[in-house]
Structures are given as structure tokens and as C-alpha cells.
Amino acid sequence: MWKWLHPYAKPERAYQLCNTLLPWFALPAVVCLVVGTMWGLAYAPQDYQQGDSFRIIYIHVPSAMLSMSTYVAMAIAALVGMVWQWRTAYMAMIAMAPVGAVMTFIALLTGAAWGKPMWGAWWVWDARLTSELILLFLYFGVIALYSAFEDKQQAGKAAGVMALVGVVNIPIIHYSVEWWNTLHQGSTITKFDKPSIATEMLWPLLLNIFGFALFIALVTTMRLKNEIIRREMHRPWVQMLVKQKETNDAV
Amino acid sequence: MMQFESWADFWAMGGYAFYVWLSFGVALGAMALITIFSVIEHKRLIKQVVTEQQRKLRIQRAQQQARNDTTEPDRSN
């Protein structure tokens, strides 16, 4: 089982796969984000309680949700790296970390900008907000630990252990609104029964969630390509690749 | 159907202009920055490989030259 996957552990094959996937992420990401954001900003109806401030939802919810998904994906990459000794898996892990950190940052900042007019405070030390802040520090920790080692194989292992341990935080973030008394509202769309949000508001939100996911995939792929070149710089295939690129550019 | 009467109305965001545009602005800025940094990084890496290739080539040529100078007798006179 999973045999078909093994050739992609080879950095060269992984690099080719990245090149194949890039355009499929790039165009839909831009389309979804532009349409979703414009729809959300101008065409979705106002919230009867929050007025137009609720429009922050169109970036707050996607970035917050996907900051967690990206973390899980990063931890899975770390696990794969450890179990099957894939160097490329560690490269994927470290390619994802900065993207996830940016998403967490956006979630925190838009949360603050939404909290100020609605709750009267930019920040409160409540369970949801604090655990999301810890997520940001976990991302920073993984990046810092990885860059602290000269030997990148060791770095991948160390940062991978940290990424795996940090997974504990993910259910804490998700259930924080149920376990603790909190200012933050409960889930509206990730519930098993019907989502408690009007359909005219939901559509642009789904589009943006999809767009953010594609954006994360896009930047991760770009960064994975960079990481592969950085690590394989002296290998013949990279040398060939660059030579071909040069002749193509010259023509 | 557009929810706002005019452009001014749209930019005002029902009095929440600062918070809404701060959120969307920072999100756009952060996403643009990480994309641009990744592109710049890619270009830098490719350039680094090219520079090293050229250096290797120069060293090879210099060594070849040095070998030629010592092995071949001087036929100029």
C-alpha cells in the first residue's frame, strides 16, 4: 500500500510535482479570493446586530481555521519524516511553518480589529485567544528550532518533534469555546448540524475558505521548491535544471 | 445586489471603516509579503547556483591554462 507515493520522496520528483501543481493552485486561489472578498465586502447582507463590522469574518474565519489545518498538515509531514525517514517530508514541514504563522497572525489581528468594536477590547486573555496566540509561538518555535541547527537533517528531526508535541494545542483551540467561559462566540459553520449562518453570508465565506486553502497550498509549494533547491544545490539535477532554465531565458 | 448606496458609503462600512479596512489591509499585506519573499528567495537561490557554476568553470579553465603553460614547450621563437 502507498507504494505509488514513494517516488515522491525523492527531492527531484517532488520538485517536478511542485511545478505541475503550482498553476492549479495559483489561478483558482486568486479567483476564489477576489470573488469571495468582493462578494463578502459589498454584496453580502449586513448583520442585524454587528452591522458592517461582521465583514471581517471573511478573512478572520478562513485564516483562523486554516492556521489550525496548516499546523496539523505540518505535524503530519513531521510524522512522515520520522517514520519513513523522508528528507522531503521535513522540507515540506518547514515550508509550511511560515505560511501557517502568517495565517495565525492574520487571525489574531483581524480578531483584535473585530473585538475592539464588538467587545470593547483589542485583546482579552480568554481561552480561545490565548490558545491561538500559543499556536503562533509554536510556529515560531518550529522555525527557530529548524534554523538553529547547522545539519538540516537533525534540524528537521528536532523541529518535527516540537511540531508533533504542539498538536495538543489544536483540540484545545477548537474546543476552547465550549470548555471555558469565553467572550468568543461558538462555532457557526464547523458544526455537524445545519450551519447557523444565513446562506447569503455563507457562500462568500466558503469561497474565501477555499481561496485561503489554495493560497496556503500555493505558497507552501513555492517554499518547498526553494527548500529543495537550497538542500540539493550541489546535486547534478539542480545544476542541469538551472542550466536549462538559463538557456530557456536566453532564447 | 450591492449593499451600499455609493462608493463613499462602501468605504465608510457603516462606521466601522477603520476596523474593516485595517483587517483587510493587513491580511492582504501579509499574504502579499510572504508571496513576494518566496519569489525573491527563489531567484536568489537560482542566482547562487549560477554563480557557483560559473566559478567552477573559471577554476577549471584556469587549471587547464596552467597545465598547458607548463607542459607545452614555448614555440614562439
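Cut-offs and rules
Residues numbered from 1 in each chain as written. Chains lettered and ligands numbered in written order. Predicted model: local features only at pLDDT ≥ 70, side-chain atom pairs only at ≥ 80, totals over all residues. Heavy atoms only, no water. Helix = DSSP H or I, 4+ residues; strand = E, 2+ residues; numbered from the N terminus. Buried < 20%, exposed > 50% of the residue type's maximum accessible area, 1.4 Å probe, protein only. Contact = heavy atoms within 4.5 Å. Areas by Shrake-Rupley, 256 points an atom, 1.4 Å probe, with all protein chains shown as cover. Axes fitted to C-alpha atoms, helices over the stretch in contact; angles between N-to-C directions. Parallel < 35°, antiparallel > 145°, perpendicular 65-115°, else oblique. Left-handed = near helix turned anticlockwise from the far one by under 90°. Nonpolar A, V, L, I, M, F, W, Y, C, P; charged D, E, K, R; others polar. Buried area = accessible area lost by both parts, 1.4 Å probe. Salt bridge = Lys/Arg side-chain N within 4 Å of Asp/Glu carboxyl O. 1 Å grid on protein atoms, 1.4 Å probe; cavity = no way out; pocket = protein on both sides within 12 Å on 5 of 7 lines; lining within 4 Å. Points joined across faces, edges and corners; volume = space filled by probe spheres on them. Expected span 1.5 Å × (residues − 1). Bend = angle between axes of the 7 residues up to and from the residue.

## Quick look at the overall build of chain A
Summing up its helical and strand segments, chain A has eight helices and zero strands in all. Scanning chain A from its N terminus toward the C terminus, one meets helices and strands in the order α-α-α-α-α-α-α-α. With the C-alpha coordinates of chain A rotated into their principal frame, the extents come out at 60 × 45 × 35 Å. In chain A, buried positions account for 51% of the 251 residues. Across chain A, contacts joining residues at least 24 apart in sequence account for 74% of those joining residues at least 6 apart. Counting only carbon and sulfur atoms, one obtains 68% of the accessible surface of chain A, whose full area is about 12,500 Å².

## Description of the environment of glycine 40 of chain A
Residues and elements named next belong to chain A. Here glycine 40 lies in helix α1 (residues 11-43). Expressed as a C-alpha distance, the spacing of glycine 40 and isoleucine 56, which sit 16 residues apart in the sequence, is 9.0 Å. Sequence-distant contacts of glycine 40, that is, excluding residues within four places in its chain, are made with Arg55, Tyr58 and Pro204.

## A look at the side chain of serine 38 of chain B
Assignment of secondary structure puts serine 38 of chain B in helix α2 (residues 17-71). Relative accessible area serves as the criterion here: at 2%, serine 38 of chain B is assigned to the buried category. Filtering out sequence-adjacent residues up to four positions away, serine 38 of chain B remains in contact with Val219, Met222, Arg223 and Asn226 of chain A.

## So, unusual backbone geometry
Most of the time, phi is negative for any residue but glycine, and the peptide bond is trans. Phi at glutamine 85 of chain A is positive, roughly 60°, even though this residue is not glycine. Structurally, the position occupied by glutamine 85 of chain A is in the loop between α2 (57-84) and α3 (87-119). The backbone phi angle of methionine 13 of chain B is positive, close to 50°, even though this residue is not glycine. Locating methionine 13 of chain B in the fold gives a position in the loop between α1 (7-12) and α2.

## Observations concerning the packing of α2 of chain A against α3 of chain A
All names here are of chain A. Close contact between α2 and α3 brings their axes to 8 Å; oriented N to C, the two are set at 155°. As the angle between them shows, α2 and α3 are arranged roughly antiparallel. Both α2 and α3 take part in a crossing whose hand is left-handed. Grouping the constituent residues of the contact of α2 with α3 by class yields 19 nonpolar, nine polar and no charged.

## A closer look at the interface of chain B and chain A
Counting from both sides, the interface comprises 34 residues of chain B and, opposite them, 46 residues of chain A. When chain B packs against chain A, close to 3,500 Å² is buried across both sides, 74% of that on carbon and sulfur atoms. Summed over the three residues of chain B that lose the most area to chain A, namely Phe24, Met31 and Ile34 of chain B, the buried surface amounts to 18% of that side. Across the contact surface, chain B and chain A share one salt bridge. Ranked by residues supplied to the side of chain B that touches chain A, first place goes to α2 of chain B with 26 residues. Class assignment of the residues belonging to the side of chain B that touches chain A gives a composition of 22 nonpolar, eight polar and four charged.

## Some remarks on the layout of surface pockets
Over the atoms rolls a probe the size of a water molecule, and its path tells where empty space is left. Residue and element names in this part refer to chain A. A volume near 730 Å³ is recorded for the largest pocket. Around the largest pocket sit 33 residues that line it, and His60, Val61, Ala64, Arg128 and His184 are the ones nearest its centre. Secondary-structure elements contributing two or more residues to the lining of the largest pocket are α2, α3, α4 (127-148) and α6 (169-179). Its residues assigned to classes, the lining of the largest pocket comprises 19 nonpolar, twelve polar and two charged.

## Description of the pattern of salt bridges
A full pass over the atoms with the stated rule returns six salt bridges over all chains. Across the salt bridge formed by arginine 230 of chain A and glutamate 41 of chain B, the nearest N and O atoms sit 2.3 Å from each other. Taken as a pair, arginine 230 of chain A in helix α7 (residues 199-232) and glutamate 41 of chain B in helix α2 lie in two separate chains rather than in one. Here glutamate 41 of chain B makes a salt bridge to arginine 44 of chain B, at a shortest N to O gap of 3.5 Å. Remark: arginine 44 of chain B and glutamate 41 of chain B occur in helix α2; sequence separation between them is three residues, near one turn of the helix. Judged by its relative accessible area of 43%, arginine 44 of chain B is partly exposed. One continuous salt-bridge network, built from bridges that share partners, spans Glu227 and Arg230 of chain A together with Glu41 and Arg44 of chain B.

## Observations concerning α1 of chain A
Helix length check: α1 of chain A, at 33 residues, gives a terminal C-alpha distance of 45 Å against a target of 48 Å (1.5 Å per residue), a fit within 8%. The largest bend along α1 of chain A measures about 35° and falls at leucine 21 of chain A, with the proline proline 23 of chain A one to four residues further on.

## Notes on the packing of α4 of chain A against helix α5 (residues 152-165) of chain A
All names here are of chain A. Close contact between α4 and α5 brings their axes to 8 Å; oriented N to C, the two are set at 160°. With respect to their mutual orientation, α4 and α5 come out roughly antiparallel. In the packing of α4 onto α5, the handedness of the crossing is right-handed. Contacts between α4 and α5 involve Leu138, Gly141, Val142, Leu145, Tyr146 and Ser147 from the first element and Lys152, Ala155, Gly156, Ala158, Ala159, Met162 and Ala163 from the second. Classifying every residue of the contact of α4 with α5 by side-chain character gives nine nonpolar, three polar and one charged.

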